[in-house]
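Each chain, letter by letter, is given below.
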Amino acid sequence: MGKKKAAILGSSGMIGQRFAHMLDAHPYFEVTAYCASDRSEGKRLADVWRLSDVELDRELGSKVVQATDPKALAKAGIEVVFSGLPSDVAGPVEDACADQGMAVFSNAASHRMEDDTPILVPEINPDHLKSISAQKKRRKSSGFIVTNANCSITGLAIGLKPLVDKFGFKDVNVATYQALSGAGYPGVPSLDILGNVLPFIKNEEDKMNSEGRKILGKYVDGRFVDSPVTIMASCARVNVRDGHLEAVFIRNKDMPSVSDLVKTLEGFRAKPQELKLPSAPDRPIIVTKEPNRPQPILDSDAGTPERAKGMAVTIGRIRIDKDCLRFYLLSHNTIRGGAGGSVLNAELAFKEGYI
Ligand SMILES: NC(=O)c1ccc[n+]([C@@H]2O[C@H](COP(=O)([O-])OP(=O)(O)OC[C@H]3O[C@@H](n4cnc5c(N)ncnc54)[C@H](OP(=O)(O)O)[C@@H]3O)[C@@H](O)[C@H]2O)c1
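Here the structure is a predicted model, which means the values were calculated and not measured.

Along the chain, the position of Ile 286 falls in strand β12 (residues 285–287). Spatially, the C-alpha atoms of Ile 286 and Asn 209 are 24 Å apart, while their sequence positions differ by 77 residues. Dropping the residues within four chain positions of it, Ile 286 is found in contact with Ala 302, Gly 303, Ala 312, Val 313, Thr 314 and Ile 315.

Below is the structure:
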């Protein structure tokens with residue numbers, strides 16, 4: 001089967017650049033349009049590149065950014081759209097792409113809570129893709145939108161999935177230490193964050209709960225049913241480049257042993273691993289044994305093979321005190337919690353015949 005023609009929206013942004021890198025020489029998709037706002041129109045990717053951990057390939061760097069025009073994308077035969085647009089812009093633009101028959105994989109919050117739109121995390125809820133048929137009917141189009149979650153809940157939901165399924169945990173508290181790249185570019189003013197911590201990220205705490213419950217929930221009889229898990233979050237922005245660290249507290253009447261927990265987390269495998277999707281990490285959850293891990297600077301890029309770098313979640317410092325389990329969890333916000341999540345969603349949709 002030939003590769004699907006793809007476009008990246010927001011290609012000059014933090015997520016868009018991760019898309020460009022992850023989709024370069026991808027086995028299923030070929031990016032033929034790099035879009036952004038009028039401000040970036042005509043610039044080359046090399047002129048706007050800000051990912052310090054990725055050496056920009058000369059050919060990729062020479063790609064020219066174009067304005068965002070859904071009709072022109074449809075005319076150019078684009079079948080798949082990867083969106084890294086800000087939420088205040090994404091809504092109508094993504095709708096226009098889906099209505100023109102394109103499959104849209106979005107990072108924006110705009111469509112996440114719609115009744116026929118999945119927040120897909122392929123290790124957790126691959127069956128939520130079924131909601132697409134209702135969406136296509138509503139749109140009267142072969143196009144659709146699949147979203148991925150907020151960057152702070154994606155990693156946590158992956159860590160929770162095997163624990164909730166096996167031990168029935170429901171009562172989750174979390175304190176986050178979120179990286180600067182999570183705020184996009186240029187993000188937080190330097191004078192606000194240098195030598196400082198900002199204990200407020202707009203809408204983040206509510207999103208962690210509402211999106212987490214939808215992701216961990218079921219899709220039955222044509223509707224989403226929330227998981228009974230509750231996630232009480234306190235979110236802070238810290239002076240870290242990439243990688244959201246989270247201190248997780250779970251209360252439950254019956255607590256398994258630490259070794260049972262480790263075995264459950266390390267043994268977790270799901271649909272992306274079964275299907276050997278190109279960006280699926282061999283091990284979705286890595287458990288560190290060292291007392292001072294995970295750390296953003298050492299562990300954000302966890303995941304093998306090479307294409308799945310940054311796609312694994314790292315958990316460490318697992319300890320139990322009576323009815324309370326505590327651990328630290330880390331995931332790469334612009335990869336697993338951003339572009340990589342959307343790429344994996346598109347790989348699953350492609351493999352399952354939705355595209
Ligand atoms: N950063 C993360 O960790 C993360 C994780 C998960 C989800 N998200 C979500 O992903 C989306 C992108 O985030 P980001 O961090 O990549 O933001 P960003 O760095 O600010 O990039 C935004 C991109 O959107 C483009 N854009 C802005 N206004 C536009 C318009 N009117 N028309 C067309 N393009 C426009 C920008 O183009 P110009 O450069 O030309 O202005 C830029 O390419 C957001 O919805 C965010 O909430 C981010």
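Turning next to the site of the ligand. In the region of the ligand, 27 residues are neighbours, and Ser 12, Ile 15, Ser 37, Ser 40 and Leu 85 sit closest. One of the side-chain nitrogen or oxygen atoms of Ser 37 is found 2.6 Å away from an oxygen atom of the ligand. Coverage of the ligand by the protein amounts to 80% of the 910 Å² it exposes when considered alone. When atoms are counted within 2 Å of each cavity's grid points, the one that captures over half of the ligand is the largest pocket. Counting only elements with at least two residues in the shell around the ligand, the list comes to α1 (14–22), α5 (87–99) and α13 (335–351). When the residues that make up the shell around the ligand are grouped by side-chain class, the tally is nine nonpolar, 17 polar and one charged.

Where helix α7 (residues 151–167) contacts helix α9 (residues 204–216), the axes come no closer than 9 Å and their chain directions differ by 40 degrees. On the basis of the axis angle, α7 is oblique to α9. The interaxial crossing formed by α7 with α9 has right-handed handedness. In this structure, α7 contributes Cys 151, Ser 152, Ile 153, Leu 156, Ala 157, Leu 160 and Lys 161 to the contact, and α9 contributes Glu 204, Met 208, Glu 211, Gly 212, Ile 215 and Leu 216. Considered class by class, the residues forming the contact of α7 with α9 number eight nonpolar, two polar and three charged.

Our focus in this paragraph is helix α10 (residues 258–266). Among the residues of α10, those classed as buried are Leu 261, Val 262, Thr 264 and Leu 265. Looking down the long axis of α10, one finds its buried residues gathered within 165 degrees of arc, a one-sided arrangement. The exposed residues of α10 that point more than 90 degrees off its buried face are Ser 259 and Lys 263.

Counted as a void, the largest pocket has a volume near 1,200 Å³. Lining the largest pocket we find 46 residues, and of these Gly 84, Leu 85, Pro 86, Ala 183 and Gly 184 sit closest to its centre. Of all the secondary structure elements, the ones that give two or more residues to the lining of the largest pocket are α1, α5, α9 and α13. Taken together, the residues of the lining of the largest pocket sort by class into 19 nonpolar, 18 polar and nine charged. Estimates place the volume of the second largest pocket at around 390 Å³. For the lining of the second largest pocket, the element with the most residues is α1, which contributes three residues. By residue class, the composition of the lining of the second largest pocket is six nonpolar, one polar and nine charged.

In the contact formed by α7 and α10, the axes pass within 9 Å of each other and the chain directions differ by 120 degrees. One element, α7, and the other, α10, form an angle in the oblique class. For the pair α7 and α10, the crossing hand works out as right-handed. Mapping the contact onto sequence places Gly 159, Pro 162, Leu 163, Lys 166 and Phe 167 in α7 and Asp 260, Leu 261, Thr 264 and Leu 265 in α10. Class assignment of the residues belonging to the contact of α7 with α10 gives a composition of five nonpolar, two polar and two charged.

The next subject is α7. With 17 residues, α7 should cover 24 Å at 1.5 Å per step; its first-to-last C-alpha distance of 25 Å lies within 8% of that length. Roughly 35 degrees is the biggest bend found in α7, and it falls at Leu 160, with proline Pro 162 one to four residues downstream. With 15 of 17 residues buried, α7 is to be regarded as a mostly interior element. Phi turns positive, to about 70 degrees, at Gly 168, one or two residues after α7.

All chains considered together, the criterion is met by 17 salt bridges. Among the ionic pairs, Arg 18 bridges to Asp 53, the shortest N-O distance being 3.2 Å. Here Asp 53 lies in the loop between α2 (45–48) and α3 (58–61) and Arg 18 lies in helix α1, a separation of 35 residues in the sequence. Classification of Asp 53 by relative accessible area gives partly exposed; the value is 39%. Between Arg 138 and Asp 116 there is a salt bridge, and its shortest N-O distance comes to 2.6 Å. Of this pair, Arg 138 sits in helix α6 (residues 132–139) while Asp 116 sits in the loop between β5 (103–106) and α6, and the two are 22 residues apart along the sequence. Accessibility expressed as a relative area gives 42% for Arg 138, which makes it partly exposed. Through salt bridges that share partners, Arg 18, Asp 53 and Asp 242 make up one connected network.

About the thresholds
Residues numbered from 1 in each chain as written. Predicted model: local features only at pLDDT ≥ 70, side-chain atom pairs only at ≥ 80, totals over all residues. Heavy atoms only, no water. Helix = DSSP H or I, 4+ residues; strand = E, 2+ residues; numbered from the N terminus. Contact = heavy atoms within 4.5 Å. Near = heavy atom within 4 Å. Polar contact = N/O pair within 3.5 Å; in protein donor to acceptor, adjacent residues only side chain to side chain. Areas by Shrake-Rupley, 256 points an atom, 1.4 Å probe, with all protein chains shown as cover. 1 Å grid on protein atoms, 1.4 Å probe; cavity = no way out; pocket = protein on both sides within 12 Å on 5 of 7 lines; lining within 4 Å. Sits in = over half its atoms within 2 Å of the grid points. Nonpolar A, V, L, I, M, F, W, Y, C, P; charged D, E, K, R; others polar. Axes fitted to C-alpha atoms, helices over the stretch in contact; angles between N-to-C directions. Parallel < 35°, antiparallel > 145°, perpendicular 65-115°, else oblique. Left-handed = near helix turned anticlockwise from the far one by under 90°. Buried < 20%, exposed > 50% of the residue type's maximum accessible area, 1.4 Å probe, protein only. Arc of directions from axis to C-beta. Points joined across faces, edges and corners; volume = space filled by probe spheres on them. Expected span 1.5 Å × (residues − 1). Bend = angle between axes of the 7 residues up to and from the residue. Salt bridge = Lys/Arg side-chain N within 4 Å of Asp/Glu carboxyl O.

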